[in-house]
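Fold and contact review
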Amino acid sequence: MPKAVNVRVTTMDAELEFAIQPSTTGKQLFDQVVKTIGLREVWYFGLQYMDTKGYFTWLKLDKKVSSQDVKKENPLQFKFRAKFFPEDVSEELIQDITQKLFFLQVKEGILSDEVYCPPETAVLLASYSVQAKFGDYNKDIHRTGYLMSEGMLPHRVMEQHKLSKEQWEERIQVWHEEHGGMLKEDAMLEYLKIAQDLEMYGVNYFDIKNKKGTELWLGVDALGLNIYEKDDKLTPKIGFPWSEIRNISFNDKKFIIKPIDKKSPDFVFYAPRLRINKRILQLCMGNHELYMRRRKPDTIEVQQMKAQAREEKQQKQMERAQLENEKKKREAIEKEKESMEREKKELMMRLYQFEEKTKKAESDLKEQLQRAMTLEQERRRAEEEAARLEAERQAALQAKEELSREAEDQKKSQEQLAAELEEHTARIMMLEEAKRRKEEEADTWQLRAKEAQDDLIKTKEELSMVLTTPPPPPPPPLYDQMDDISDNEENTSTHSADLQTEGINDHRNEEDRLTEAEKNERVQKQLKALSSELAQARDESKNTQNDLLHCENVRAGRDKYKTLRQIRQGNTKQRIDEFEAL
């Protein structure tokens, strides 16, 4: 039995390992990969490998894996990557897995600077990338430094601005907060909608020469073929939409494109190697097929996929809404719980205050009882003293009377009697004064005793009120609520393919497109604010050629689609003549 071959396939977010037979074809391996990851939009993707000469090549699906020039390793290494790109991600990408794979691949291209991205757009894209990874910003979870280990921006952008990593994080975090409530899948889609307007998005560049030998770039993308000058990959000079091309072929290094307009000459250029022409042909055929498919009614399979995707999206939206409701309920319960806790604390405080007031009232009552007892004793002493003085007065009066009688009876001398009388009279006056004072003092004590008695009665009433006041109610209970079209023989140096253009609708609608920034006022404002903010920290001396070209395009009011309209002006012959003159 033939020995199995180990294969490792690296997708944008996973590593898959398979054991295949020597007879396994590229398509069988490809089908095994897409089945494993649950991908149905297979027409965008392919398996890429490094050949024995060090070039990256797409695996041919109609040939055995073992018969292709894959670098001999154990396991054999392949990358699962997007080979073709959609024109409009929001209209074409159906499955979440497709969207995620494109998001990760486009993000990788931007961060590595393979796709030029201006600084303000790079920061805005980074904020969507953070939303796609972390979800909504939460200050309790996403503390300072949560983005330090994340590759958020192209190295070029960071080098061109006098900002520390902490300052970059702060800016991205501000925009991350702006995306609150956005689903991770929606954040990826927003990222792609902005990224697809970048001039280098989805373009495969090839070194070519025209008949004069001028070195140029050929750009192959979803919309057609574009010609770039050697020092400018951002701004194409001439463009040919797929709908203008009827046949593409090559003979060795010579590549020939035949326009639909038969009055127009052939569009001829030269590639440095036969291998390059083979790859150009494959990409042209694949992109043309998808270009035509997009302009025809959807197949039954695509209609079913879109219907299923809509159902899944509705289900996710329902789940999201349910989750939000649960979250709101939980927050309401938490708020109610906090409110009850506050009320409980307030009631406990009031109860404590009542207890303190009761203790004070009892203390005051005790003190007033003590004072009343003291006053009562003082009153009794005053009364006793007054009685004693009254007894003494009565005795003195009796003595006076007795002396008077004795004076009369015995007829004592007038002087002696007068002296005794004066003495007794003085004593009587003194005693009467003392009696009067004691009576006043007794009256005073009587009044004070009455006041004390009144205070005592009032205090008893207050205490009775405090003790009979009903306690506060307890808090209520808490409820925890493409097929890759390859050549037939590796050594064949001539290939030709006819491209069909019949039966399509509105084949040049891409020329009327607007960028996401033009369509979306919110994105426009965000980019303007970021541009103004970053300008203050920009080091103009570190601008690259692409930065200068981008600034010039912005000053001239050009964008990807306006440039496309401009470079397709005139008939095909005029554009081919212009190409030959470069």
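Data block above holds the structure.
A brief structural summary. (Residues numbered from 1 in each chain as written. Predicted model: local features only at pLDDT ≥ 70, side-chain atom pairs only at ≥ 80, totals over all residues. Heavy atoms only, no water.)

1. Some remarks on the overall build of the protein chain
Helix and strand counts for the protein chain stand at 15 helices and 13 strands. The C-alpha radius of gyration of the protein chain comes to 52 Å, more than 25% above the 25 Å expected for a compact globule of 582 residues. With respect to the three principal axes, the spread of C-alpha positions in the protein chain is 185 × 60 × 45 Å. Across the 582 residues that make up the protein chain, the buried fraction comes to 42%. Accessible surface, the protein chain: about 33200 Å² in total, of which carbon and sulfur atoms supply 49%. Each charge class in the protein chain can be summarised by its mean position, and for the 99 positive and 113 negative side chains these summaries are 8 Å apart. (Helix = DSSP H or I, 4+ residues; strand = E, 2+ residues; numbered from the N terminus. Rg over C-alpha atoms; globule rule 2.2 N^0.38 Å. Buried < 20%, exposed > 50% of the residue type's maximum accessible area, 1.4 Å probe, protein only. Areas by Shrake-Rupley, 256 points an atom, 1.4 Å probe, with all protein chains shown as cover. Lys, Arg positive; Asp, Glu negative; His and termini not counted. Charge placed at Lys NZ, Arg CZ, Asp CG, Glu CD.)

2. Describing the pattern of salt bridges
Enumeration over the complete set of coordinates arrives at 43 salt bridges. A salt bridge links R275 to D51, with the shortest nitrogen-to-oxygen separation between them at 2.8 Å. Here D51 lies in the loop between strand 3 (45-50) and strand 4 (56-58) and R275 lies in helix 8 (residues 274-294), a separation of 224 residues in the sequence. Overlapping salt bridges bring together E87, E92, R294 and R295 as one network. (Salt bridge = Lys/Arg side-chain N within 4 Å of Asp/Glu carboxyl O.)

3. Observations concerning the packing of helix 4 (residues 119-134) against helix 7 (residues 184-195)
A pair of packed helices is characterised by two quantities: the angle between their axes and the separation of those axes. Axis separation between helix 4 and helix 7 bottoms out at 7 Å; the angle between their running directions is 160 degrees. Between helix 4 and helix 7, the crossing angle belongs to the class labelled roughly antiparallel. Helix 4 and helix 7 meet at a crossing whose hand is left-handed. Together, T121, L124, L125, Y128, S129, Q131, A132, K133 and F134 of helix 4 and K184, A187, M188, E190, Y191, I194 and A195 of helix 7 make up the contact between the two elements. Each residue belonging to the contact of helix 4 with helix 7 can be placed in one class, and the counts come to ten nonpolar, three polar and three charged. (Axes fitted to C-alpha atoms, helices over the stretch in contact; angles between N-to-C directions. Parallel < 35°, antiparallel > 145°, perpendicular 65-115°, else oblique. Left-handed = near helix turned anticlockwise from the far one by under 90°. Contact = heavy atoms within 4.5 Å. Nonpolar A, V, L, I, M, F, W, Y, C, P; charged D, E, K, R; others polar.)

4. Focus: the environment of V123
Here V123 is to be found in helix 4. Residue classification places V123 among the buried positions, given a relative accessible area of 0%. Sequence spacing of V123 and T214 is 91 residues, and the spatial spacing of their C-alpha atoms is 37 Å. Beyond its immediate sequence surroundings of up to four residues, V123 is in contact with L153, W168, I172, W175, L530 and L534.

5. Some remarks on the layout of surface pockets
Taken as a whole, the largest pocket spans an internal volume of roughly 1300 Å³. Elements that contribute at least two residues to the lining of the largest pocket include exactly strand 3, strand 4, strand 5 (76-82), helix 3 (96-111), strand 6 (204-209) and helix 8. Among the elements that take part in the lining of the largest pocket, helix 8 stands out by supplying six residues, more than any other. Of the residues that constitute the lining of the largest pocket, the class distribution is 15 nonpolar, ten polar and 17 charged. Here the second largest pocket defines a volume of roughly 930 Å³. Surrounding the second largest pocket, 34 residues form its lining, E120, T121, L527, H550 and V554 being those nearest its centre. If you list the elements that add at least two residues to the lining of the second largest pocket, you get helix 4, helix 11 (516-519), helix 12 (521-535), helix 13 (545-555) and helix 14 (560-567). Of the residues belonging to the lining of the second largest pocket, the class tally is twelve nonpolar, nine polar and 13 charged. (1 Å grid on protein atoms, 1.4 Å probe; cavity = no way out; pocket = protein on both sides within 12 Å on 5 of 7 lines; lining within 4 Å. Points joined across faces, edges and corners; volume = space filled by probe spheres on them.)

6. Thoughts on the side chain of K193
Among the secondary structure elements, K193 is positioned in helix 7. Residue class for K193 comes out buried when judged on its relative accessible area of 15%. A polar atom in the side chain of K193 sits 3.1 Å from the side chain of E190. Every residue in contact with K193, bar those within four places of it in the chain, is listed here: V89, S90 and E516. (Polar contact = N/O pair within 3.5 Å; in protein donor to acceptor, adjacent residues only side chain to side chain.)

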